[in-house]
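Chain residues, written in single-letter form:
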Amino acid sequence: MSAGEIAVLVGAGVVGPARLRRLFAHHDPRDAVERLRSGAPLHPMVLNGLPAESLERLRERVRAVSVADAADECVRLGVEVVALGDTRYPGALVHDPEAPPALFVRGDLDVLAARRVGIVGTRHASAAGRATAAELGAALSASAVSVISGLARGIDAAAHRGIRADPGPGRPVAVVGSGPDVHYPKPNADLWEWVAEVGLLISEWPPGVPPDAWRFPLRNRILAALSEVVVVVESRERGGSLITARAAADRGIEVMAVPGSPRSRASAGTNQLLVDGVAPLTCVDDVLVAL
């Protein structure tokens, strides 16, 4: 499959992952681009339920982007495009009901062959929460476990900074909510590039795609599906980390939570998870036993 055509189709942003999966199931990406540009019909399963105005907007956006430029940008940035059905596509996602139709990756996909633990939590983390995430990340890395986060502020970043400060054989994995070249948040740009260099950075969006708020809940399903255990270090009553925990639970993936003070808002979500029956985590051994 052509990286350029896939980047153009995914980057158009008019249709969601489910319709893109159907598009790739019924059309080679090159054929899909040609049909959209020429006005030729698409397979009925692709068009089913798609409003006419959305189809026309998709055609306009596909016509406006150069396939060659999109492919060249991926090459320039060192981005590998892996579509569902390719042999390099992560096995943990192949049969997922919400599998992304394609991934845009920087780094080494073989990192996913190791044991994998997701560490997530609030952006508004306490100092104790950040320290716990950093210690847990480093300890898991020392045990040859790949640590997955979303590279957000707070807990996510702390887990990977812990690995960078005390690296072990386990390498970092990040699932981001913008294009693989669009650093967000900007203060994590150094961490972003470090993960791409020594581990694996994954996006379901092509280069240049901005960090729109609606993309992050979508990102969380990928983070959950790639993990064998998801650990929530701190979480408020609502937030992305609880979305990730629900996505993991829906997939039969174990969720663990770090107990926190009932006086701390940063622990309100994790303490509720414990009330709801998830396993408590008090040290790295708890995760290793779960694995």
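Provided above is the structure to which this section pertains.
Let me sum up the structure you'll find in this document. (Residues numbered from 1 in each chain as written. Predicted model: local features only at pLDDT ≥ 70, side-chain atom pairs only at ≥ 80, totals over all residues. Heavy atoms only, no water.)

All right, on to the packing of aromatic side chains then. Summed over all chains, the structure comprises two aromatic pairs. Pairing tyrosine 184 with phenylalanine 216 gives two aromatic rings, centres 5.6 Å apart and planes at 45°, and the pair type is tilted. A residue pair is termed long-range when its members are at least 10 positions apart, and tyrosine 184 in the loop between β5 (172-175) and α10 (189-198) and phenylalanine 216 in helix α11 (residues 215-226) qualify at 32 residues. Taking the relative accessible area as the measure of exposure, tyrosine 184 reaches 32% and is therefore partly exposed. Plain terms: the ring middles of tryptophan 205 and tryptophan 214 are 5.6 Å apart, the flat faces sit at 80° to each other, and that makes the pair edge-to-face. Accessibility expressed as a relative area gives 45% for tryptophan 214, which makes it partly exposed. It is arginine 215 that lies over the ring of tryptophan 205; its NZ or CZ is 4.5 Å from the centre. (Phe/Tyr/Trp six-rings, centres within 6.5 Å; stacked < 30°, edge-to-face > 60°. Helix = DSSP H or I, 4+ residues; strand = E, 2+ residues; numbered from the N terminus. Buried < 20%, exposed > 50% of the residue type's maximum accessible area, 1.4 Å probe, protein only. Lys NZ or Arg CZ within 6 Å of the ring centre and 35° of its normal.)

Glancing now at α10. Residues Leu191, Trp192, Trp194, Val195 and Ala196 constitute the buried set of α10. Close packing links the buried residues of α10 with β2 (102-107), α9 (155-165), β5 and β6 (200-203). (Contact = heavy atoms within 4.5 Å.)

A separate point is helix α6 (residues 67-77). Among all positions of α6, only Val67, Ala70 and Cys74 are buried. Buried positions in α6, seen along its axis, are confined to an arc of 65° and lie on one side of it. More than 90 degrees from the buried face of α6, the exposed residues found are Asp69, Val75 and Arg76. Buried positions along α6 lie against α1 (3-11), α3 (29-38) and β1 (80-83). For α6, the capping residue at the N-terminal end is serine 66, with a side-chain oxygen 3.4 Å from the backbone nitrogen of alanine 68. (Arc of directions from axis to C-beta. Polar contact = N/O pair within 3.5 Å; in protein donor to acceptor, adjacent residues only side chain to side chain.)

Another point: the pairing of β2. In terms of burial, β2 is a largely internal element, five of the six residues being buried. Here four bridges tie β1 to β2, and the two strands are oriented antiparallel to one another. For alanine 83, the partnering residue across the bridge sits in β2 and is alanine 102. Here β2 pairs with β6 via four bridges, running antiparallel. Looking at β6, one finds that phenylalanine 104 is bridged to serine 203. (Pairing = 2+ DSSP bridges.)

Here the focus is the sheet that holds strand β8 (residues 254-257). Within the open sheet, the nine strands sit side by side as β1-β2-β6-β5-β4-β3-β7-β8-β9. Their pairing is mixed. Among the strands making up the open sheet, the edge pair consists of β1 and β9 (279-280). The pairing of strand β3 (residues 115-120) with strand β4 (residues 145-149) spans four bridges and is classified as parallel. By the bridge assignment, glycine 118 is partnered in β4 with isoleucine 148.

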